[in-house]
Amino acid sequence: MEIGIRAHDIHIFDDPEDLANSLKQHGFHYVQFAPRVSLSGLTQNGAKINFGLGNRVKQAFDRQGIKIAVLGCYINIIDPDLTKRNQVLTQFQKYLTAAHSFGADLVATETGSVDPSFRKTPNNFTQVKINETIEVIRKLVATAEKVGTLVGIEPGVNHPIYSLAVTKALLNAIPSPNLQIVLDPGSLVMNEDDDPIKILKNGIHDFGERIYAYHIKDYVYHDNHIEITPIGSGCVDIERMLRTINTAQPGAYAIADELSDQQIEASLSELQLLANKIK
């Protein structure tokens, strides 16, 4: 089984060629790519992308046999400051339009928060806020349909699309195939006794045909939230998670998320060992 990585977890910035070389040396064949981080200087922290830069990145990655599976444009799509909201939604639409120049099919985001610090708050969970979020996503999907790309929504407990049930409601409300899900079971852990494997299995059962990619991370639960750990040192059975994904969707994109800066090489080695067990 092949595992992907967020490209910016390899700390090479504003140099697509060098970054692609390093990703190849680490054995990766696909990545999640965030211009805001990997090209922070060239894109004004992700705010300004262009087709030529996208083509430069695509060519550099193509030469190393690496696919940008997910183009990341993580923004607050329901920012209560409407001026800021409109700015970032325009930015996301630009990413949708330029995605193919990067060699990507899908642009992903979480769904933001009424709290600018993105703390978990029940104020995100009201039906009014959920409906508002769905309508914003509907407009982004309309753009994706026009330009032939995909919108990827990553649900999480710090956002209005905060559970499997709400995710399913979103997909029912917007049945377009241009709306896909990036499923991270860890991001849907609301309480300490929530089982990420069960969340994964239920998500696959409920809307597996709309899952474009999976995020994989290890964690411990502390002080009412998860805290990310190096792979293999938290409470998640990563091998079982990978096997569940591979059984349901052989060859699916499975991307390591939020790898610890201090122990990234150890996490990558552990991930590769686990992935190599799965055929």
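Residues numbered from 1 in each chain as written. Predicted model: local features only at pLDDT ≥ 70, side-chain atom pairs only at ≥ 80, totals over all residues. Heavy atoms only, no water.

1. Concerning the overall build of the protein chain
Okay, step 1: From N to C terminus, the protein chain includes nine helices and ten strands.
Okay, step 2: For 279 residues, the compact-globule estimate of 2.2 N^0.38 gives 19 Å, and the C-alpha radius of gyration of the protein chain, at 18 Å, lies within 12% of that figure.
Okay, step 3: Once the C-alpha set of the protein chain is aligned to its principal axes, its extents read approximately 50 × 45 × 30 Å.
Okay, step 4: A burial count over the protein chain gives 56% of its 279 residues as buried.
Okay, step 5: Long-range pairs, those at least 24 residues apart, make up 76% of the contacts in the protein chain with a sequence separation of at least 6.
Okay, step 6: Within the structure as shown, the protein chain displays about 12,000 Å² of accessible surface, and the carbon and sulfur contribution to it stands at 49%.
Okay, step 7: Counting 26 positive and 33 negative side-chain charges, the protein chain places the centres of these two groups 6 Å from one another. (Helix = DSSP H or I, 4+ residues; strand = E, 2+ residues; numbered from the N terminus. Rg over C-alpha atoms; globule rule 2.2 N^0.38 Å. Buried < 20%, exposed > 50% of the residue type's maximum accessible area, 1.4 Å probe, protein only. Contact = heavy atoms within 4.5 Å. Areas by Shrake-Rupley, 256 points an atom, 1.4 Å probe, with all protein chains shown as cover. Lys, Arg positive; Asp, Glu negative; His and termini not counted. Charge placed at Lys NZ, Arg CZ, Asp CG, Glu CD.)

2. Some details on the environment of His26
Okay, step 1: Counting through the fold element by element, His26 comes out in the loop between helix 1 (16-25) and strand 2 (30-33).
Okay, step 2: Among the residues examined, His26 registers a relative accessible area of 26% and is labelled partly exposed.
Okay, step 3: It is 31 Å that separates the C-alpha atoms of His26 and Asp195, two residues lying 169 residues apart in sequence.
Okay, step 4: The contact partners of His26, leaving out residues within four places of it in the chain, are Ile10, Glu265, Leu268 and Gln272.
Okay, step 5: At a separation of 2.9 Å, a polar atom in the side chain of His26 contacts the main-chain carbonyl oxygen of Ser22.
Okay, step 6: A polar contact is formed between the side chain of His26 and the side chain of Glu265, at a distance of 3.1 Å. (Polar contact = N/O pair within 3.5 Å; in protein donor to acceptor, adjacent residues only side chain to side chain.)

3. Concerning helix 3 (residues 51-63)
The periodicity of an α-helix, 3.6 residues per turn, causes residues three or four positions apart to be oriented the same way.
Okay, step 1: Taking 1.5 Å of rise per residue, the 13 residues of helix 3 would be expected to cover 18 Å, and the 18 Å separating its terminal C-alpha atoms lies within 8% of that figure.
Okay, step 2: Buried within helix 3 are the following residues: Leu53, Gly54, Val57, Ala60 and Phe61. Taken around the axis of helix 3, the buried residues stretch over an arc of 130°, which confines them to a single face.
Okay, step 3: In this structure, the buried residues of helix 3 make contact with helix 1, strand 2 and strand 3 (67-72). (Expected span 1.5 Å × (residues − 1). Arc of directions from axis to C-beta.)

4. Focus on unusual backbone geometry
Okay, step 1: Of note, Asp14 is a non-glycine position whose phi angle comes to about 60°, a positive value.
Okay, step 2: Positionally, Asp14 belongs in the loop between strand 1 (4-6) and helix 1.
Okay, step 3: Looking at Asp14, the relative accessible area reads 28%, which means it is partly exposed.

5. A short note on the packing of aromatic side chains
Okay, step 1: With the rule as written, the count across this model stands at five aromatic pairs.
Okay, step 2: Between Tyr212 and Tyr253 the ring centres are 5.5 Å apart and the planes differ by 45°, which places this aromatic pair in the tilted class. Of this pair, Tyr212 sits in strand 7 (residues 211-216) while Tyr253 sits in strand 10 (residues 253-256); the two residues are 41 residues apart in sequence, bridging distant segments of the chain.
Okay, step 3: Joined through ring pairs, the aromatic side chains of Tyr30, Tyr212 and Tyr253 make up one cluster. (Phe/Tyr/Trp six-rings, centres within 6.5 Å; stacked < 30°, edge-to-face > 60°.)

6. Some thoughts on the side chain of Thr109
Okay, step 1: Examined against the element boundaries, Thr109 turns out to sit in strand 4 (residues 106-109).
Okay, step 2: Those residues in contact with Thr109 that sit more than four places away from it in its chain are Cys73, Tyr74, Ile75, Ile77, Phe92, Gly152, Ile153 and Glu154.

7. Focus: the pattern of salt bridges
Okay, step 1: Inspection of the entire model under this criterion finds 14 salt bridges.
Okay, step 2: Between Lys58 and Asp62 there is a salt bridge whose closest N-O contact spans 2.7 Å. Note that Lys58 and Asp62 are positioned in helix 3 at a spacing of four residues, about one turn of the helix.
Okay, step 3: The exposure class of Lys58 is partly exposed, given its relative accessible area of 28%.
Okay, step 4: In this structure Asp62 comes out as partly exposed when scored by relative accessible area, which is 43%.
Okay, step 5: Between Asp257 and Lys217 there is a salt bridge, and its shortest N-O distance comes to 3.8 Å. Taken together, the residues Asp257 in the loop between strand 10 and helix 9 (264-276) and Lys217 in the loop between strand 7 and strand 8 (218-222) connect sequence positions 40 residues apart. (Salt bridge = Lys/Arg side-chain N within 4 Å of Asp/Glu carboxyl O.)

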